Amino acid sequence: MLSENRAVAALRVFLVVLFAILVVFQTLSLPGQFRHQAQVNPEDAALRWPATFIAAFVVLCVQVVVVSTWQLLTMVKRDRIFTTAAVFWVNLILGAIAGVWLVVGTIFVWVLSQADDPGAPMVLLLLEVVITVIGLLMVVLRALLQRATTLRTDMEAVI
């Protein structure tokens, strides 16, 4: 089993890799893909810019989660995780999850109104449920963090 320090170090390496990949997607891959799609299918040209902005926003939300996780890992390493400052970073993660949830929900409703087969709506429904579960899990973890922070503050006051 990995020690906490090794797990934090490994997670940081993968967070850096993930962030770098997200920047490439946000700046090159996704805009290029939507430009190419508009050139190949002129009837999709009207969706080029909305799709680009939506994709960039979703990637930005994931980047916020990555940066917030990095900050929380720094707090863990310094043994400062049970502070009110940590709740700020968890709230930022929740805000990013909520943003993605709203975007995917809106896309789901739009696709559902246009769809002639259930494939795309079902994939979007699955994605929306997964995002909902992750968001609710973060709400529970935030509540646990707040309780632990209160307990630690009370214990430090007694000691």
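You'll find the structure just up there.
A brief report on the enclosed structure follows. (Residues numbered from 1 in each chain as written. Predicted model: local features only at pLDDT ≥ 70, side-chain atom pairs only at ≥ 80, totals over all residues. Heavy atoms only, no water.)

A few points about the packing of helix 2 (residues 48–77) against helix 3 (residues 84–114)
Where helix 2 contacts helix 3, the two axes come as close as 9 Å, and the packing angle between them is 160°. Relative to helix 3, the element helix 2 lies roughly antiparallel. Regarding helix 2 and helix 3, the two cross each other, and that crossing is left-handed. Between helix 2 and helix 3, the residues in contact are Ile-54, Phe-57, Val-58, Cys-61, Val-64, Val-65, Ser-68, Thr-69, Gln-71, Leu-72 and Met-75 and Ala-85, Ala-86, Trp-89, Val-90, Leu-92, Ile-93, Ala-96, Gly-99, Val-100, Val-103 and Ile-107, respectively. Here the contact of helix 2 with helix 3 is built from residues that sort into 18 nonpolar, 4 polar and no charged. (Axes fitted to C-alpha atoms, helices over the stretch in contact; angles between N-to-C directions. Helix = DSSP H or I, 4+ residues; strand = E, 2+ residues; numbered from the N terminus. Parallel < 35°, antiparallel > 145°, perpendicular 65-115°, else oblique. Left-handed = near helix turned anticlockwise from the far one by under 90°. Contact = heavy atoms within 4.5 Å. Nonpolar A, V, L, I, M, F, W, Y, C, P; charged D, E, K, R; others polar.)

Thoughts on the packing of aromatic side chains
Under the definition given, this model contains 2 aromatic pairs. A centroid spacing of 6.1 Å and a plane angle of 35° characterise the contact between Trp-49 and Phe-53, whose relative ring orientation is tilted. One end of the pair, Trp-49, and the other, Phe-53, are both in helix 2, 4 residues apart, so they sit about a helical turn from each other. Here Phe-53 falls in the exposed class, since its relative accessible area comes to 57%. Ring centres of Phe-88 and Trp-89 lie 5.1 Å apart, and the angle between their planes is 80°; on these two criteria the pair is classed as edge-to-face. Classification of Phe-88 as partly exposed rests on a relative accessible area of 48%. (Phe/Tyr/Trp six-rings, centres within 6.5 Å; stacked < 30°, edge-to-face > 60°. Buried < 20%, exposed > 50% of the residue type's maximum accessible area, 1.4 Å probe, protein only.)

Some remarks on the environment of Ile-134
Mapped onto the elements of the fold, Ile-134 is located in helix 4 (residues 119–158). Linking Ile-134 and Ile-97, residues 37 residues apart in sequence, is a C-alpha distance of 7.9 Å.

Description of the pattern of salt bridges
Summed over all chains, the structure comprises 2 salt bridges. Note that Arg-152 and Asp-79 form a salt bridge whose closest N and O atoms lie 3.1 Å from each other. Of this pair, Arg-152 sits in helix 4 while Asp-79 sits in the loop between helix 2 and helix 3, placing them 73 residues apart in sequence. Glu-156 serves as the salt-bridge partner of Arg-152, at 3.2 Å between the closest nitrogen and oxygen. Of this pair, Arg-152 and Glu-156 both sit in helix 4, 4 residues apart, roughly one helical turn. With a relative accessible area of 48%, Glu-156 lands in the partly exposed category. Each of Asp-79, Arg-152 and Glu-156 takes part in one network of salt bridges that share partners. (Salt bridge = Lys/Arg side-chain N within 4 Å of Asp/Glu carboxyl O.)

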